[in-house]
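Here is what each chain is made of, one letter per residue.
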Amino acid sequence: MADLMSGTWDFEKLESQYKNFRAPALSISVGGTDLVKKGIPVQSVEAVLSLDGASSVSVVFVDCYDIKNGSFNGTLKSAAVLGKTVELSLGYQSSLQKVFKGYLSNVRVMASAESGFGMEFVALDARRLMMVGNNHARQFKIRNYSDAVSEILKTYAKLCSASIDATSDNMENGLIWQNGSDYDFITRELIGTGRTDREFFIAVDKAYFRKRKSVKSSAITLRPGKGLVSFERDASYLNQTFEVIGFDPVGDKTVSGKTKAASTDSMTSALSGPGEWFITDPACTSASVAASRTAVMAQLALDASQKAEIGCIGLPELIPGRFVSIDRVDSIVNKKYYITKVTHRFDYSGFTTTLETEGWE
């Protein structure tokens with residue numbers, strides 16, 4: 001099985017591997033049992049894989065009720081145990097790629113005169129548990145933010161392994177305080193404030209705390225007639241400076257860092273100058289630390305101002321945290337786009353993939 005975070009693919013080779021994408025296929029494993037192989041009919045699958053927030057999978061099963069005996073399929077009922085591990089693989093014919101691992105969070109039983117009996121399984125990845133299951137305050141007696149993240153992720157090892165890019169904060173007092181959920185601590189207290197230039201997400205079955213956009217290669221290049229079905233690009237006006245002001249206790253002086261964020265598309269200033277955003281943080285004890293924080297904040301603002309939505313043929317190789325390239329459209333479009341959300345849809349009409357991106361190169 002290919003490593004989705006490091007692999008690159010040629011569309012023509014995939015076209016050959018998947019036999020012209022003519023026979024979409026899937027595998028849904030719940031607690032180690034493949035329900036598709038057990039012959040349970042699947043009406044639809046929607047997998048929403050996100051860089052921000054928990055990824056989810058919704059599976060609707062039909063023709064799974066025995067009217068004569070008055071009961072649902074026994075295999076399906078045995079699988080319908082909340083908390084069981086769920087894995088989803090997608091592809092074509094016998095060539096499948098795992099795209100999700102999580103836990104069964106919801107089971108819905110449905111019945112109507114029009115559509116008959118059905119059952120829906122909803123699965124979420126470990127980030128949902130990080131949001132709701134561990135709201136508390138605690139103290140880490142360590143020197144680096146990455147060590148705190150490593151400690152947190154040990155709780156979720158059943159659902160995901162960890163890949164962590166170490167930070168070099170070397171805080172003198174060796175204490176890090178967490179207030180709130182595990183997820184909020186990592187995404188808001190550490191990343192959202194610019195304290196560390198990292199991104200945090202789960203892709204398939206691995207949690208990443210890594211340098212932003214650290215995989216520079218494109219997973220694949222899409223073109224009209226070669227996978228690309230639709231495209232929409234939105235560039236927003238941005239002209240802003242970020243300044244962080246801190247204090248150097250050794251030199252007994254104020255320190256600061258400033259970075260400007262501006263649209264990379266053609267732009268003229270709508271004001272007499274850029275807007276200004278000031279943050280005061282005593283934890284910034286040097287000009288270099290302050291400058292690093294503003295650089296992170298400026299990059300986040302720039303990415304948020306550059307959004308696109310890409311529709312393509314169903315490609316399980318595409319996951320958040322990778323770039324995808326567009327070619328042979330126009331010079332303002334032919335770029336690399338950073339994927340933040342992937343939606344795979346699988347039903348009787350086929351298998352399609354929609355990408356949401358932020359930031360381009």
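Read on for an overview of the structure. Computed from a prediction, not measured in an experiment: that's the story for all the values here.

Before going further, it helps to spend a moment on the overall build of the chain. When its secondary structure is counted, the chain shows six helices and 23 strands. Overall, the C-alpha framework of the chain stretches about 80 × 50 × 35 Å when taken along its three principal axes. Within the chain, buried positions represent 47% of all 361 residues. Taking all contacts inside the chain whose residues are at least 6 apart in sequence as the whole, residues at least 24 apart take part in 68%. Within the structure as shown, the chain displays about 17300 Å² of accessible surface, and the carbon and sulfur contribution to it stands at 48%. Side chains of the chain give 41 positive and 41 negative charges; the mean places of these two sets differ by 4 Å.

It is worth spelling out the environment of Thr193 at this point. Within the secondary structure, Thr193 is located in the loop between helix H5 (182–192) and strand E13 (198–203). On the basis of relative accessibility, which here comes to 24%, the residue Thr193 falls in the partly exposed class. Considered as a pair, Thr193 and Arg293 are 100 residues apart in the sequence and their alpha carbons are 7.7 Å apart. The residues contacting Thr193, other than those within four sequence positions of it, are Arg188, Arg293 and Met297.

Another point: empty space enclosed by the protein. Counted under the stated rule, the structure contains two cavities of 30 Å³ or more. Of the voids in this model, the largest cavity is the one considered here, and its volume is about 80 Å³. Around the largest cavity sit 13 residues that line it, and Leu49, Ser55, Ile202, Ala203 and Val204 are the ones nearest its centre. Those elements giving two or more residues to the lining of the largest cavity turn out to be strand E3 (42–50), strand E8 (95–112) and E13. Ranked by residue count, the leading element in the lining of the largest cavity is E8, at three residues. Among the residues making up the lining of the largest cavity, the classes are represented as eight nonpolar, two polar and three charged.

Here the focus is the sheet that holds strand E18 (residues 253–262). Taken in spatial order, the three strands make up an open sheet running E18-E17-E19, and their pairing is mixed. The open sheet has two edge strands with one neighbour each: E18 and strand E19 (275–280). Neighbour-to-neighbour, the strand axes of the sheet open up by a mean angle of 20°, direction not taken into account. Here strand E17 (residues 239–248) runs beside E19; their pairing, made up of six bridges, is parallel. Looking at the pairing, Glu243 lines up with Phe278 of E19. The sheet strands contacting helix H6 (residues 287–304) are E17, E18 and E19, and the helix crosses E18 at an angle near 20°.

Moving on: the sheet that holds strand E11 (residues 161–164). Pairing is mixed across the open sheet formed by three strands, whose spatial order is E11-E14-E13. Each edge of the open sheet carries a strand with a single partner, namely E11 and E13. Strand-to-strand twist across the sheet, computed as the mean angle between neighbouring axes with direction ignored, equals 10°. Relative to strand E14 (residues 206–211), E11 runs parallel, the two sharing four bridges. Bridge pairing links Ser163 to Tyr208 in E14. Across the sheet, H5 touches E13 and E14, and the angle it forms with E13 is around 155°.

Below, the discussion takes up the nonpolar core. Core analysis: the biggest nonpolar cluster contains 61 residues, and Val45, Phe61, Leu88, Phe121, Ile220 and Leu222 have the highest contact counts within it. For this core, the leading source of residues is strand E22 (residues 336–347), giving five residues. Discounting chain neighbours no more than four positions away, the residues touching Phe61 are Leu35, Ile40, Pro41, Val42, Leu76, Gly118, Met119 and Phe121.

What follows deals with the side chain of Ser146. By the element assignment, Ser146 lies in helix H4 (residues 145–153). Ignoring sequence-local partners within four residues, the contact set of Ser146 consists of Ile164, Asp165, Ala166, Thr167 and Phe209.

The buried fraction of strand E4 (residues 56–62) amounts to six of the seven residues, a majority that puts the element mostly inside the structure. The antiparallel hairpin formed by E3 and E4 contains five residues in its connecting segment, where Gly53 sits at a positive phi of about 90°. Here seven bridges tie E4 to strand E9 (residues 116–124), and the two strands are oriented antiparallel to one another. In the sheet register, Val57 faces E9, and the bridge partner there is Ala123.

Quick notes on the rules
- Residues numbered from 1 in each chain as written.
- Predicted model: local features only at pLDDT ≥ 70, side-chain atom pairs only at ≥ 80, totals over all residues.
- Heavy atoms only, no water.
- Helix = DSSP H or I, 4+ residues; strand = E, 2+ residues; numbered from the N terminus.
- Buried < 20%, exposed > 50% of the residue type's maximum accessible area, 1.4 Å probe, protein only.
- Contact = heavy atoms within 4.5 Å.
- Areas by Shrake-Rupley, 256 points an atom, 1.4 Å probe, with all protein chains shown as cover.
- Lys, Arg positive; Asp, Glu negative; His and termini not counted.
- Charge placed at Lys NZ, Arg CZ, Asp CG, Glu CD.
- 1 Å grid on protein atoms, 1.4 Å probe; cavity = no way out; pocket = protein on both sides within 12 Å on 5 of 7 lines; lining within 4 Å.
- Points joined across faces, edges and corners; volume = space filled by probe spheres on them.
- Nonpolar A, V, L, I, M, F, W, Y, C, P; charged D, E, K, R; others polar.
- Pairing = 2+ DSSP bridges.
- Axes fitted to C-alpha atoms, helices over the stretch in contact; angles between N-to-C directions.
- Core = buried A, V, L, I, M, F, W, Y, C linked by side-chain atoms within 4.5 Å.

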